[in-house]
Amino acid sequence: ESNNSRNTAASIPVGTTITAKISSSTDNDWFRFNNTTSQRNVRVSLTNLPADYDLTLWRNNQQVGISQNDGTLNEQITYNNSQNTATYYARVYGYN
């Protein structure tokens, strides 16, 4: 996989549903996207999980959200902000 770090995060368009898999217990998948001045707020969701995955949201070098539900419960982060535009990174990783 080529998106195992923030520097190699896969770019995804806003409003797009993607399907991805964690390949091992040490795998981290990173995704990159931008908000816009007209759509400043961010929501990232993980659904239909086959195992216990967790989610963090980063703006630049700062973690701005985390979701760590038990088991296969859906994960979601909502981040309401006043930033005009920014690059965000979502990190998906297995619990154990």
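For the structure given in this document, a descriptive report is provided here. (Residues numbered from 1 in each chain as written. Predicted model: local features only at pLDDT ≥ 70, side-chain atom pairs only at ≥ 80, totals over all residues. Heavy atoms only, no water.)

1. Quick notes on the side chain of Asn 81
On the secondary structure map, Asn 81 appears in the loop between strand 6 (75–79) and strand 7 (87–94). Accessibility expressed as a relative area gives 13% for Asn 81, which makes it buried. A polar contact is formed between the side chain of Asn 81 and the side chain of Tyr 88, at a distance of 2.9 Å. Discounting chain neighbours no more than four positions away, the residues touching Asn 81 are Asn 35, Arg 40, Asn 41, Val 42, Arg 59 and Tyr 88. (Helix = DSSP H or I, 4+ residues; strand = E, 2+ residues; numbered from the N terminus. Buried < 20%, exposed > 50% of the residue type's maximum accessible area, 1.4 Å probe, protein only. Polar contact = N/O pair within 3.5 Å; in protein donor to acceptor, adjacent residues only side chain to side chain. Contact = heavy atoms within 4.5 Å.)

2. Details of the layout of surface pockets
Within this model, the largest pocket holds a volume of roughly 960 Å³. If you trace the largest pocket, you find 31 residues lining it, with Thr 16, Ile 18, Val 44, Ser 45 and Leu 46 closest to the centre. Of all the elements in the fold, those that place two or more residues in the lining of the largest pocket are strand 2 (28–34), strand 3 (42–46), strand 4 (53–59) and strand 7. In terms of residue count, strand 3 provides more of the lining of the largest pocket than any other element does, five residues in total. Considered class by class, the residues forming the lining of the largest pocket number 17 nonpolar, 11 polar and three charged. (1 Å grid on protein atoms, 1.4 Å probe; cavity = no way out; pocket = protein on both sides within 12 Å on 5 of 7 lines; lining within 4 Å. Points joined across faces, edges and corners; volume = space filled by probe spheres on them. Nonpolar A, V, L, I, M, F, W, Y, C, P; charged D, E, K, R; others polar.)

3. Points about the pairing of strand 2
The element strand 2 is extensively covered by neighbouring structure, given that five of its seven residues are classed as buried. Pairing geometry for strand 1 (residues 10–11) and strand 2, over two bridges, is parallel. Bridged to Ser 11 within strand 2 is Arg 32. When strand 2 meets strand 7, the two strands line up antiparallel, connected through seven bridges. If you follow Trp 30 over to strand 7, its bridge partner there is Arg 91. (Pairing = 2+ DSSP bridges.)

4. With respect to the pairing of strand 3
On strand 3, burial follows the alternation: Val 42, Val 44 and Leu 46 on one face are buried, whereas Arg 43 and Ser 45 on the facing-out side are not. Pairing of strand 3 with strand 6 involves five bridges; the strand directions are antiparallel. Bridging across to strand 6, Arg 43 finds its partner in Thr 78.

5. Details of the sheet that holds strand 5 (residues 62–67)
What the five strands build is an open sheet, ordered 1-2-7-4-5; its pairing is mixed. For this open sheet the edge positions go to strand 1 and strand 5, each flanked by a neighbour on one side alone. One ladder, built from seven bridges, connects strand 4 with strand 7; its direction is antiparallel. If you follow Leu 55 over to strand 7, its bridge partner there is Val 92.

6. A short note on the packing of aromatic side chains
Within the structure shown, the criterion is met by three aromatic pairs. Its guanidinium or amino end placed over the ring of Tyr 89, Arg 6 lies 5.0 Å from that ring's centre, counting from NZ or CZ. Of note, Arg 91 hangs over the ring of Tyr 93, and the distance from its end group to the ring centre comes to 4.0 Å. (Phe/Tyr/Trp six-rings, centres within 6.5 Å; stacked < 30°, edge-to-face > 60°. Lys NZ or Arg CZ within 6 Å of the ring centre and 35° of its normal.)

Shape is all these values report; function is a separate question.
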